[in-house]
Amino acid sequence: MNVLANPDTASSAPKPAEHFDVLIVGAGISGIGSAYHLTQQMPDKSFVILETQESFGGTWLTHKYPGIRSDSDLHTFGYRFKPWVGPPIATSEEIKAYMGEVIAENDLARHIRYKHRIERASWSSATNLWTVDAVRTDSGEPTTFTANFLWMCQGYYRHSEGYTPEWTGMDKFKGRIVHPQRWPEDIALKDKKVVVIGSGATAATLIPAIAGECAHVTMLQRSPTYFRVGRNAIELAETLRQLQVKEEWIHEIVRRKILFEQDAFTQRCIAEPEQVKKELISQITAVLGPDYDVEKHFTPNYRPWRQRIAFVPDADLFEGIKSGKASVVTDEIDRFTEKGILLKSGEELEADIIVTATGFNLCVLGDIAFSIDGKPLNFGDTVTYRGMMFTGVPNLVWVFGYFRASWTLRTDLVADFVCRLLAHMKKKGAKKVVPALRAEDHNMPLLSWIDPENFNPGYMMRNMNLLPKRGDKPEWQHSQDYWAEKDEIPAIDLDDAAFAYD
Ligand SMILES: Cc1cc2nc3c(=O)[nH]c(=O)nc-3n(C[C@H](O)[C@H](O)[C@H](O)COP(=O)(O)OP(=O)(O)OC[C@H]3O[C@@H](n4cnc5c(N)ncnc54)[C@H](O)[C@@H]3O)c2cc1C
């Protein structure tokens, strides 16, 4: 290298692309878990993780609103390979600390490039490589990578902004409107009247966390949501710990117990939805008492489990309501006013701060412009292979976790699949694998990515056209069923005609 080169000329010349066998997009819980499995199962593969943000954590770094915590237990939201030793429901700080330990214990930090936002990914059949163009978010400098395989761990929603519907009069409101995904550091809640729009997991965690500080907090919902109430502890884990059982064993035993019980619960939701509904609602009545209008505020009009059921540890949301610091209004917004929100019923809710806990903007594959041999790729035109790969898209796997069970259970399963696929390609001497419809699939009806009868969260329903299509056979569906996939994914025949190798 010529160390005396003119620095101006040197910096303006485009840097040559760096090459890796595998490029992982995103350093959230999926990206870090995938990197771990790759190092364990395919230690010879070179790899890099590119991440837009300045640190790891993904969801748990982006969301900074008060009370942010998991709504699934960390025995199953944690990885199968690293015991979770705390209470089952964890704060974002605890989840980040756990991920930090995985990074440190497995020497993963040297593989991660932070502040790298990927903008384009182009596949070339001439070289059998992906070319990935990223921009450094600190300097604006473009950087290019090439990779044989793309492991997409970018999650499912846009991290830079949340979803806020447009309501008439928002510009007239004299107070402050805040989305939980962009929680301002300077916000003062003391003695303020706060209205939180929404009743999902975010509202359910935020409200008890701020109720003590505000003058009053109102949860404004169009329609009620299901909640589960329980102690933030797992008795079996506590007992095993008293018996000084090894943490590795406790983790495995408790995972199995939780998964067994969740399976039974899911089956019951299908077999006897009315009974399950009654039980869930009676947990709330037990806290709020018989005089509270549970029918109006906490009785959803959909079957349990069609949307994720938020867990409320120690009933803190309901204790807040019982104490009078928080309340629930079930009504529709007519418009925003100077003083707050005018409801369709004619009531006006006064507010100093309005929090729009109204969800996410679905983001398909990280807002990256994909192309194949120069032709722009629209994922909506592809058919998914088991929610992991896409017809016509070579050497790419997307990690899309579970909603009804912990997301990360699927991260582990998909990682085993990717490593097995990479090993199979090596054995065959193949440079390329691409899912393709088989002869028997050609007349298959093509449906939307998920069946709205099965699962229908708002951010999915708003953007279904952007998502790949689903067929009518298990190979071409994204089932969201951990209990089936835990056996099906390891048993996938990699020589099936659904995989074309080159
Ligand atoms: C508030 C909240 C609570 C949740 N609680 C639970 C729970 O308790 N249990 C559960 O199972 N699920 C939960 N979920 C769902 C949750 O998002 C997932 O479980 C999980 O954290 C997703 O991890 P991930 O790594 O796949 O994606 P993410 O956490 O979304 O991380 C993706 C990363 O990829 C990066 N990235 C994206 N695009 C690009 C690009 N173009 N270039 C470079 N980097 C990019 C992002 O910056 C981000 O850091 C929750 C979601 C939210 C929002």
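Note that this is a predicted model, so its numbers are computed, not measured.

Caption draft 1: Structural detail: the site of the ligand. Looking at the ligand, there are 33 residues lining it, with Ser30, Glu51, Asp71, Ser72 and Arg308 nearest. Separating an oxygen atom of the ligand from a side-chain N or O atom of Trp60 is a distance of 3.3 Å. When the ligand sits alone it has 980 Å² of accessible area, and the protein chains cover 96% of it. Of all elements in the fold, only α2 (29–41), α3 (59–62) and β4 (116–124) reach the threshold of two or more residues within the shell around the ligand. Looking at the shell around the ligand element by element, the count peaks at three residues for β4. Taken together, the residues that form the shell around the ligand break down as 13 nonpolar, 16 polar and four charged.

Caption draft 2: How the structure looks around the packing of aromatic side chains. On inspection of all chains with the given rule, the structure shows 36 aromatic pairs. Their ring planes at 90° and their centres at 5.2 Å tell us that Phe370 and Phe379 sit as a pair that is edge-to-face. Of the two residues, Phe370 and Phe379, both sit in the buried class. A cation over a ring is seen here: Arg410 above Tyr402, with NZ or CZ 5.8 Å from the ring centre. Between the NZ or CZ atom of Lys428 and the centre of the ring of Tyr501, over which it lies, the distance is 4.7 Å.

Caption draft 3: Structural detail: the sheet that holds strand β9 (residues 216–221). One open sheet holds the five strands; their spatial order is β7-β16-β8-β9-β12, and the pairing between them is parallel. Since the sheet does not close on itself, it has two edges, and those belong to β7 (176–178) and β12 (326–330), each with one partner. On average, each strand axis in the sheet is tilted by 20° relative to the strand beside it, whichever way the strands run. The pairing of strand β8 (residues 193–197) with strand β16 (residues 353–356) spans four bridges and is classified as parallel. Following the sheet pairing, Val194 is matched in β16 by Ile353. Contacting β8, β9, β12 and β16, helix α6 (residues 201–211) runs over the sheet at an angle of about 165° to β9.

Caption draft 4: Quick peek at the nonpolar core. Of all hydrophobic cores here, the largest spans 132 residues; its most connected members are Leu23, Ile32, Trp151, Phe298, Phe318, Phe370 and Phe417. Ranked by residues supplied to this core, first place goes to helix α12 (residues 407–428) with 11 residues. Excluding anything up to four places from it in sequence, Leu23 contacts Val48, Leu50, Ile118, Val132, Phe145, Ala147, Phe149, Leu150 and Trp151. Counting residues in each nonpolar core, the second largest holds 14 residues, with Trp167, Phe173, Leu343 and Ile354 among its members.

Caption draft 5: Broad picture of the pairing of strand β2 (residues 47–50). Residues Phe47 and Ile49 line one face of β2 and the alternating positions Val48 and Leu50 line the opposite face, and both faces are buried. Taken together, the four bridges between strand β1 (residues 18–25) and β2 define a ladder with parallel strand orientation. Bridging across to β2, Leu23 finds its partner in Val48. Traced from β1 through α2 to β2, the parallel crossover comes out right-handed. Across two bridges, β2 lies against strand β3 (residues 112–113) in parallel orientation. Following the sheet pairing, Ile49 is matched in β3 by Ile112.

Caption draft 6: Structural view of the layout of surface pockets. Size it by volume and the second largest pocket reaches roughly 590 Å³. Of all the elements in the fold, those that place two or more residues in the lining of the second largest pocket are β10 (227–230) and α8 (247–271). With five residues, the top contributor of residues to the lining of the second largest pocket is α8. Of the residues belonging to the lining of the second largest pocket, the class tally is 12 nonpolar, three polar and eight charged.

Caption draft 7: Structural view of unusual backbone geometry. Its identity as a non-glycine residue notwithstanding, Leu365 has a phi of 55°, on the positive side. Of note, Leu365 is situated in the loop between β16 and β17 (369–372). You can call Leu365 buried: its relative accessible area is 0%.

Caption draft 8: Region of interest: the side chain of Thr76. Tracing the sequence through the fold places Thr76 in helix α4 (residues 74–77). Apart from residues lying up to four places away in sequence, Thr76 is in contact with Arg255, Ile258, Leu259, Ser406, Thr408 and Leu409.

Caption draft 9: Geometry of the packing of α8 against helix α9 (residues 273–288). Packing of α8 against α9 leaves a shortest axis separation of 5 Å and a crossing angle of 115°. Here α8 contributes Phe265, Arg268, Cys269, Ile270 and Ala271 to the contact with α9, which in turn contributes Pro273, Gln275, Val276, Glu279 and Leu280. Each residue belonging to the contact of α8 with α9 can be placed in one class, and the counts come to seven nonpolar, one polar and two charged.

Quick notes on the rules
Numbering of residues begins from 1 in every chain and follows the order in which that chain's sequence is written. Only residues with pLDDT of at least 70 get local features here, since the model is predicted, and only at 80 or more are side-chain atom pairs given and counted; chain-wide, interface and lining totals rely on the full set of residues. The side-chain numbers reported here are obtained from all heavy atoms of the structure, hydrogens and water having been left aside. What makes a residue near a molecule or strand is one non-hydrogen atom of that residue sitting within 4 Å of it. N or O atoms within 3.5 Å of each other form a polar contact, as long as, within protein, one can give a hydrogen and the other can take it, and as long as residues adjacent in sequence are counted only when both atoms are side-chain atoms. All accessibility values rest on the Shrake-Rupley procedure with a 1.4 Å probe; residue burial counts only the protein chains present in the view. Every helix listed is a DSSP run of H or I at least four residues long, and every strand listed is a run of E at least two residues long, numbered separately from the N terminus. When residues are grouped by polarity, Ala, Val, Leu, Ile, Met, Phe, Trp, Tyr, Cys and Pro land in nonpolar, Asp, Glu, Lys and Arg in charged, and all others, Gly among them, in polar. Pairing of aromatic rings covers Phe, Tyr and the six-membered ring of Trp, with a centre-to-centre limit of 6.5 Å; geometry is then stacked below 30 degrees between planes, edge-to-face above 60, and tilted otherwise. The rule is simple: take the accessible area with a 1.4 Å probe, protein chains only, and divide by the maximum for that residue type; under 20% is buried, over 50% is exposed, in between is partly exposed. Any Lys NZ or Arg CZ found within 6 Å of a ring centre and within 35 degrees of that ring's normal is scored as a charge over the ring. Any two strands with at least two DSSP bridges between them are considered paired. Each axis is a line fitted through C-alpha atoms, and for a helix only the stretch in contact is used; angles between axes span 0 to 180 degrees, taken between their N-to-C directions. The criterion used for residue contact is that any of the two residues' heavy atoms lie within 4.5 Å. Throughout, nonpolar core names a set of buried Ala, Val, Leu, Ile, Met, Phe, Trp, Tyr and Cys residues whose side chains join them through atoms within 4.5 Å. When the strands point away from the viewer and the path from the first strand over the helix to the second turns clockwise, the crossover is right-handed. Points on a 1 Å grid over protein atoms alone make up a cavity when a 1.4 Å probe fits among them but cannot get out, and a pocket when they form an open set with protein on both sides within 12 Å along at least five of seven lines; lining residues each have an atom within 4 Å of a point. Grid points are joined across faces, edges and corners, and a volume is the space filled by probe spheres set on the points.

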